[in-house]
Amino acid sequence: MRVDKIIPCVCIDHKPTVADSVYYGMPQLKVSGYNSNGQFYNIFCPNCGRGGCNEYKSSYLALKAWNEMMKELWDFQED
């Protein structure tokens, strides 16, 4: 599975443009643990620390949860 787009964190001061770095507002995905079934992943914003509470069975599920959370926060912020 593949995530087509990663939504940047709401802590940034403006929406990313071509003048910004490709890492501007992007979350970090890291392996947070291992067990007999494989790895667990954690995703969080390195600037504000948002996210990072849950562990996911795959990187795809972590990015999917991140995108859902950011979509809700961006929509809430624009209202």
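Note that the structure is predicted; figures quoted are calculated from it, not measured.

Rules of the game
Sequence order as written defines the numbering, with residues in each chain counted from 1. In keeping with the predicted nature of the model, local features appear solely for residues at pLDDT of at least 70, side-chain atom pairs appear and are counted solely at 80 or more, and the whole-chain, interface and lining totals rest on all residues. Side-chain metrics rest on all non-hydrogen atoms present in the structure, leaving aside hydrogens and water. A side-chain nitrogen of Lys or Arg and a carboxyl oxygen of Asp or Glu constitute a salt bridge if their distance falls within 4 Å. The helix and strand labels rest on DSSP assignments: H or I over at least four residues marks a helix, E over at least two residues marks a strand, and numbering proceeds from the N terminus. Only protein chains enter the area calculation, which uses a 1.4 Å probe; residues under 20% of their type maximum are buried, those over 50% are exposed, and those in between are partly exposed. Any two strands are treated as partners once DSSP identifies two or more bridges connecting them. Side-chain atoms within 4.5 Å are what join buried Ala, Val, Leu, Ile, Met, Phe, Trp, Tyr and Cys residues into a set we call a nonpolar core. Residues are treated as being in contact if the distance between any of their heavy atoms lies within 4.5 Å.

> Report on the pattern of salt bridges, specifying residues and quantitative values.
With the rule as written, the count across this model stands at 1 salt bridge. Where Lys-71 meets Asp-75, a salt bridge forms, and the shortest distance between an N and an O atom there is 3.4 Å. Note that Lys-71 and Asp-75 are positioned in helix α1 (residues 59-78) at a spacing of 4 residues, about one turn of the helix. You can call Asp-75 partly exposed: its relative accessible area is 35%.

> So what's going on with the pairing of strand β2 (residues 38-44)? Residues and values would help.
Both strand β1 (residues 28-35) and β2 contribute to a ladder of 7 bridges, which runs antiparallel. Opposite Asn-35, over in β2, you have Gly-38 as the bridge partner. The antiparallel hairpin formed by β1 and β2 contains 2 residues in its connecting segment.

> Now, about the nonpolar core: what can you tell me, with residues and values included?
Cys-9, Val-10, Ile-12, Tyr-41, Ile-43, Cys-45, Tyr-56, Ala-62, Leu-63, Trp-66, Met-70 and Trp-74 together form the largest nonpolar core, which totals 12 residues. Listed by contribution, the elements that provide at least two residues to this core are β2 and α1. Looking at this core, the element that brings in the most residues is α1, giving 5 residues. Setting aside residues no more than four positions away along its own chain, Met-70 makes contact with Ile-7, Pro-8, Cys-9, Val-10 and Arg-50.

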